[in-house]
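Spelled out, the chains give:
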Amino acid sequence: MFSWGENTRDGFGLVKSNGLVKANTDGCVNFIHMKSPITHLSAGNKVVAFIRNNGKQVSVARMQDDKDGRRITGKLKGVEFREKILALSCGDAHIILLSEEGRVFCLTQSSNVPRLVGNLNQVIQVACGDQHFIALTQDGKVFTWGQNSSGQHCLGKGEPSTSSPQLVKSLSGIPLAQITAGGDHSFALTLSGAVFGWGKNSAGQLGLGDTVDRPAPAPVDCLNLKKTITVSCGVEHTVVLTKGGLVFTFGSGRYGQLGHNSLRNELRPRLVAELWGAKVTQIACGRNHTLAFVGSFKKIYSFGHGEQGQLGNGVKMDQSVPLPVQLPQDHIDDLQIEQTFAGGNHSFALCSSAKESGKELNDSNLGKVTQTLDDDIINRWISDCDSKSWKKIQKEITKTFSSASCLNGSFLDKSRDKHYQTSLKHSGLDLSFARLAFQKLAKKNKVLAEVEDVVHRILLPSLSKDPIGVEGLRVYLIIPELLRVLLKQQRGIDITEAFVFAILRLDPDKLQVLEGLWSTLPDTPFRTLVKTFHYVSAEYLRMGAEEGCVVKKMFEGTVMVMERLYEVNCNRRIKIAASNFHINRANCMLQNMLNTFECYDYLNLPEDFFNSFHGKSCIFNTEAKCIVYQLELNYSFAIHGHLDFWAPTIHVSRETALVDAFQHLRQSGHDFPMPLKVKFQEENGVDEGGVSLEFFSLLGRELLTMEPKTLEVDEDSGLAWFTTADGGVTDEFTLLGLLCGKALFNQCVLNLCFPLALFKKLLGLTTTLDDLKELSPTEASGLQYVLDEDEESVAAMDLVFMYKGQELIPNGEEVPVTMVNRKKYVDLYVDMKLNKSVQSQFADFEKGFHEGCPTQTWRMFLPEELMTLLQGDDNYEWDKLRQNAEYQGYRPTDDIIQNFWIVFMEFSEEQKKKFLTFLTGTDRLPRGRSLSKLQMQITSLGSTDADEYYPKAQTCSVTLCLPNYSSIDTLQEKLLHAITHCDVFGDF
């Protein structure tokens, strides 16, 4: 062993006779031929301790003051233990020791008699600060005790110091690779390289960019994705080593211990540039000095405080850049440096001969990390579960599956170190491993049942609602793979319910992080998630139907999770079909309600009945949503009809329908909870739905040309949008919205050729560049060009942050669009075009829309579905029109009927649509009134001179009055003339 630093001249009493060799001429580094091999050691400010003889012996030397006040090393003393000691850590004067049985002992400054610390067991790591202590258990739990003056306990503000170990709940669920402490601060390192620090931060030793103490673990975000593998702490500085051999330091630089050729403090991790290119494999911190070992060069670099010779450079002075320790070449050539240690003012390097390399040393952090699940363990469980080993296996299953830390550290994606890339968008898991693992467990029902019981009874109720970091959320991605194998065996409903509760119990910000992880899942595990909650939701509906009521709370929980998954799916790069979320049983139940409910049934519904549908829209297909919408309309009609509300009737002229409608609405007010009835002046038709269809069809044409102008039609797309011109508009936007709302409430078509953006805005959804592409293709293509082109082309456009004379940002006129900010420019442009420039217009429209359609279930629809509801369905199934037709005065086999269908089927698509307008008043049918449900009547006109007459239509009853023409040619001529001039030939 090499040693250098404070009072190393006598070899601490570890040497054989004549076994202390001064390794260089100035005596700064000693080489010790030890009496017995050392497997581990640690040094503090006032104590040094060694584990000897492979854990069978512990020796302690304490610093003492001589009669002149100088510090000297006291005599090495042995400490007796009944248990084998694997590791130890020194604080300022205390020593914490870890036994092979996983128990923790303490030696105080005043006594070398070991004292058992609390009831700790299954501990795998220990660490000491000056006056505080940390322990990590095999199942990932962290315990702290000792002084808490600066938040060292990691338990939050105001907690007192204590000698009893306290569980750090804020780190629960995190799979840890290392704990470490120094001075009054501490760190925890996860298996995927995330670093969390807490405690004193007066010099920036937590690396958080400030000097504020932290009483709870704080992530050192600067180290994310750096592949951190080791953290070491001095009294006020911290050193980090990455898998690539890079070294970062931060905290106090008073003695040069950060290695940046300065004495300045660093508040954030900073790369030690002098070690660039030399792959460092080990780091160690003394109180105010640092060691870095480069294995390939067999060199140890030191920097920082050197007054006691702890830098090993032959000069007892500080140095602020890494320089090699002066190890004797004649010794180093024959030895392998296994491990470097630093502590207090001491430095050590444990060595072995080449053939003995690695045999005797015990690094308490090497291989002693949070337990995880792997193939070997699973294979042993399923092969030995029927033997005498079952009780032992049960304990192992309980230990593994009751610990979120164990599961969160399992199934890591280690291909090309991908798990080190864990972030808000990457879980670091390879879920295909998890799938295979649970498939193996399912081969033995005994093992699977035990796993199910432990997860259900212990793990899920214990999950934190506020897990720290992404790694704490991995369990929510792993458990669905267990549920998958359980549900395939027709079991697992109860455990799924508990899992749903755990998800919904998460704090909102953590649930949002989980949703971000869902959004980037591969297709197969994402489908597994959806299928799991879909299956259980459907089962709850089935159970409810059989028992006479829906298992409401459980059903609502699973659907709530499905709704969140549905929203995630909408934003996924590769989406799964919406039909994966639909529950067919729900459709049947709703259809049954619609078919069987009488007026009194609606009156007996609870007031909030329809509100309960708002958060469940993902489980309903469009047809089911239409049924819910119809049910609410029926409910509204039943309630207000029961209260003697009368449906208002608007009297309008065909020539001035829009003016008359506006006048009526202004005079009578907007608040009428029943559908509109329409009466055309000088016509006898009764509005049973058909007259309203004709009325709103007329309005659709007039609104686009009305004065003052409210809508502008884009020349490229032919779609309408709110005008931004000030043309004397008063309440026209409100009335426009009111009529659109009334059309929806009346289940009529008002086709104003609005783009999808309008319906997204009504539903509170964000508009994007794709929406502008639909409304204004030319304008949007220019913006897409800005996004796609190279730097030179973007600069040549000479664009600034302006929109038609309006600033998109403050001083936008002076801010050029560049490669860096072009995405921001496009987003702001789209927002200005579709939102801000028409803010007041849309606000008035939206207000009127809500007044016109006072129901709420229309919010269940997707933008595309709502658009179809208002603007009509253009999915024509022309053959259905013939299948559903009825005849009065004719028989289906009559020549006139046969000829009519021959002529109709030979019409072009446009001619068929004109016929539909002639027959119903519109060429777009309301959703739910498709041609498959439209029942047209063909009646005889009853005239003897049939060839002299044209066909007529009664739109209110969808009736075609067809003369009995003498030939098919005459029928074709007269029918074409009628549908071309349908304004003249309609008959009410």
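Note that this is a predicted model, so its numbers are computed, not measured.

Cut-offs applied
Residues numbered from 1 in each chain as written. Predicted model: local features only at pLDDT ≥ 70, side-chain atom pairs only at ≥ 80, totals over all residues. Heavy atoms only, no water. Helix = DSSP H or I, 4+ residues; strand = E, 2+ residues; numbered from the N terminus. Buried < 20%, exposed > 50% of the residue type's maximum accessible area, 1.4 Å probe, protein only. UniProt positions renumbered as here; feature names shortened; annotations may be inferred. Axes fitted to C-alpha atoms, helices over the stretch in contact; angles between N-to-C directions. Parallel < 35°, antiparallel > 145°, perpendicular 65-115°, else oblique. Left-handed = near helix turned anticlockwise from the far one by under 90°. Contact = heavy atoms within 4.5 Å. Expected span 1.5 Å × (residues − 1). Pairing = 2+ DSSP bridges. Phe/Tyr/Trp six-rings, centres within 6.5 Å; stacked < 30°, edge-to-face > 60°. Lys NZ or Arg CZ within 6 Å of the ring centre and 35° of its normal. Core = buried A, V, L, I, M, F, W, Y, C linked by side-chain atoms within 4.5 Å. 1 Å grid on protein atoms, 1.4 Å probe; cavity = no way out; pocket = protein on both sides within 12 Å on 5 of 7 lines; lining within 4 Å. Points joined across faces, edges and corners; volume = space filled by probe spheres on them. Nonpolar A, V, L, I, M, F, W, Y, C, P; charged D, E, K, R; others polar. pLDDT = per-residue confidence, 0-100.

*Asks:* What's the story with unusual backbone geometry in this structure? I'm lost.
*Replies:* Trans is the prevailing form of peptide bonds, just as negative phi is the prevailing case for residues other than glycine. Note that the residue after E707, namely P708, is joined by a cis bond; omega there is -5 degrees. Considering the arrangement of structural elements, one finds P708 in the loop between α16 (690-703) and β33 (711-713). The backbone of K227 sits at a positive phi, close to 60 degrees, despite the residue not being glycine. Residue placement: K227 occurs in the loop between β20 (214-219) and β21 (228-233). One non-glycine residue, V958, lies in positive phi territory at about 50 degrees. Its location among the elements puts V958 in the loop between β39 (952-954) and β40 (959-962). For V958, a relative accessible area of 15% translates into the label buried.

*Asks:* What exactly am I supposed to notice about the UniProt feature "repeat: RCC" (unreviewed entry) in the protein chain here?
*Replies:* Under the UniProt annotation, "repeat: RCC" (unreviewed entry) lies at residues 102-139, 140-192, 193-244, 245-296 and 298-353. Within residues 245-296, the helical portion is 0% and the strand portion 40%, while the C-alpha atoms at the span's ends are 11 Å from each other.

*Asks:* Explain the packing of helix α8 (residues 493-505) against helix α11 (residues 552-571) here, please?
*Replies:* The axes of two packed helices give the description: the angle between them and the distance between them. Here α8 crosses α11 at 60 degrees, and the two axes come no closer than 10 Å. By the angle between their axes, α8 is oblique relative to α11. Taken as a pair, α8 and α11 cross one another with a handedness that is left-handed. Contacts from E497, V500, I503 and L504 in α8 reach M554, G557, T558, M560 and V561 in α11.

*Asks:* Honestly, helix α3 (residues 390-401) in this entry has me stumped. Any pointers?
*Replies:* Side chains three or four residues apart in an α-helix point the same way, a direct result of the helix having 3.6 residues per turn. Here α3 spans 16 Å end to end across 12 residues, near enough to the 16 Å set by a 1.5 Å rise per residue. On its buried face, α3 is in contact with α2 (375-384), α4 (404-408), α5 (431-441) and α6 (445-462).

*Asks:* Help me understand the sheet that holds strand β9 (residues 85-90) in this model?
*Replies:* Two pairing modes exist for strands in a sheet, parallel and antiparallel, and in both the strands are linked by backbone hydrogen bonds. Here four strands make up an open sheet; going across it, the order is β9-β10-β11-β12 and the pairing antiparallel. This sheet does not close on itself; its edge strands, each paired only once, are β9 and β12 (111-116). The sheet shows a mean angle of 25 degrees between the axes of neighbouring strands, direction not considered. Pairing analysis gives three bridges linking strand β11 (residues 104-108) to β12, with the strands arranged antiparallel. From the neighbouring strand, T108 faces β12, where its bridge partner is S111.

*Asks:* What should I look at first to understand the packing of aromatic side chains in this one?
*Replies:* Working definition: an aromatic ring pair is given by the centre-to-centre distance plus the angle between the planes. For the structure on display, the rule yields 43 aromatic pairs. Aromatic pair F411 and F438: ring centres 6.3 Å apart, planes at 50 degrees, arrangement tilted. Here the residue F411 occupies a position in the loop between α4 and α5, and F438 occupies one in helix α5, the gap between them amounting to 27 residues. As far as the burial class goes, F411 and F438 line up, both buried. For R572, the ring lying beneath its charged end belongs to F526, and the centroid distance is 4.1 Å.

*Asks:* Sorry, what's going on with the nonpolar core here?
*Replies:* Generally speaking, a soluble globular protein has its nonpolar side chains buried in company with each other. Counting 92 residues, the largest nonpolar core has F401, Y476 and W518 as its most contacted members. Considering each element in turn, this core owes the most residues, 10 residues, to helix α7 (residues 475-488). Those residues in contact with Y476 that lie beyond four places of it in its chain are L463, S464, F499, A502, I503, L506 and L514. In terms of nonpolar packing, the next biggest core, distinct from the first, is built from 75 residues, A657, A743, L756 and I809 among them.

*Asks:* How do you make sense of the layout of surface pockets when you look at a structure like this?
*Replies:* Any empty space left between atoms is shown by rolling a water-sized probe over those atoms. The volume enclosed by the second largest pocket comes to roughly 930 Å³. Lining the second largest pocket are 30 residues, with Y566, E567, C570, L765 and L862 sitting closest to its centre. Looking at the lining of the second largest pocket, the elements with two or more residues in it are α9 (508-519), α11, α18 (756-762) and α24 (863-871). Per-element accounting of the lining of the second largest pocket gives the leading share, eight residues, to α11. Looking at side-chain class alone, the lining of the second largest pocket contains 13 nonpolar, eight polar and nine charged residues.

*Asks:* Mind showing me how you'd approach the pairing of strand β31 (residues 649-652) here?
*Replies:* Regular strands show a simple pattern: their side chains alternate between the two faces of the sheet. The alternating pattern of β31 places I650 and V652 on a buried face and T649 and H651 on a face that is not buried. Note that β31 and strand β32 (residues 677-680) share four bridges and pair parallel. Considered in β32, the bridge of H651 is made with K679.

*Asks:* Please explain the confidence of the model for the protein chain as it appears in this structure.
*Replies:* Keep in mind that low pLDDT regions are not for reading the predicted coordinates in detail. Confidence in the prediction of the protein chain, expressed as mean pLDDT, is 90, and 94% of residues score 70 or more. Here residues 358-367 scores under 50 on pLDDT; set against residues more than four positions off or in separate chains, the count is 22 contacts. Predicted confidence is poor over residues 984-988, with pLDDT under 50, and the contacts of this stretch with residues over four places away or in other chains come to 20 contacts.

*Asks:* Looking at this structure, how should I read the sheet that holds β21?
*Replies:* One open sheet accounts for four strands, arranged β21-β22-β23-β24; its pairing is antiparallel. Edge positions in the sheet fall to β21 and β24 (266-271), since each of these pairs with one other strand and no more. Along the sheet, successive strands turn relative to each other by an average axial angle of 15 degrees, direction set aside. Note that strand β23 (residues 247-251) and β24 share three bridges and pair antiparallel.

*Asks:* Before we go on, may I ask you to explain the pairing of strand β13 (residues 123-128) in this structure?
*Replies:* With six of six residues buried, β13 lies mostly within the body of the structure. Sheet topology note: the β13/strand β14 (residues 132-137) ladder contains five bridges and is antiparallel. Looking at the pairing, A127 lines up with I134 of β14. Between β13 and β14, which pair antiparallel in sequence order, lie three residues.

*Asks:* Would you take a moment to explain empty space enclosed by the protein for this structure?
*Replies:* Taken as a whole, this structure holds one cavity of 30 Å³ or more when the rule is applied. Estimated volume of the largest cavity: approximately 40 Å³. L431, Y476, L477, P480, E481, L521, P525, T528 and L529 together form the lining of the largest cavity. Elements represented by at least two residues in the lining of the largest cavity include exactly α7 and α10 (523-547). For the lining of the largest cavity, the element with the highest residue contribution is α7, accounting for four residues. Partitioned by chemical class, the residues of the lining of the largest cavity number seven nonpolar, one polar and one charged.

*Asks:* Explain helix α26 (residues 895-906) to me, please; I cannot follow it from the model alone.
*Replies:* If you check α26, its first and last C-alpha atoms are 17 Å apart, about what 12 residues at 1.5 Å a residue would give, namely 16 Å. Restricting attention to buried positions, one finds in α26 the residues I896, I897, N899, F900, W901, V903 and F904. Looking at the buried side of α26, the elements it contacts are α25 (878-883), β37 (886-888), α27 (909-920), β38 (937-940), β40 and α28 (968-980).

*Asks:* Help me out: how do you make sense of the environment of T766 in this one?
*Replies:* If you trace the backbone, T766 turns up in the loop between α18 and α19 (769-775). On a C-alpha basis, the gap between T766 and S464 in space is 33 Å, while along the polypeptide they are 302 residues apart. For T766, the contacting residues outside a window of four places in its chain are K760 and D771.

*Asks:* Where do I start with the packing of helix α15 (residues 657-668) against helix α17 (residues 732-745) in this structure?
*Replies:* Contact geometry for α15 and α17: axes closest at 11 Å, N-to-C directions at 100 degrees. Classed by the angle they form, the pair α15 and α17 counts as roughly perpendicular. Counting all contacts with α15, which are made through L658, F662, L665 and R666, the residues of α17 involved are E732, L735, L738 and L739. For the contact of α15 with α17, a count of residues per class yields six nonpolar, no polar and two charged.

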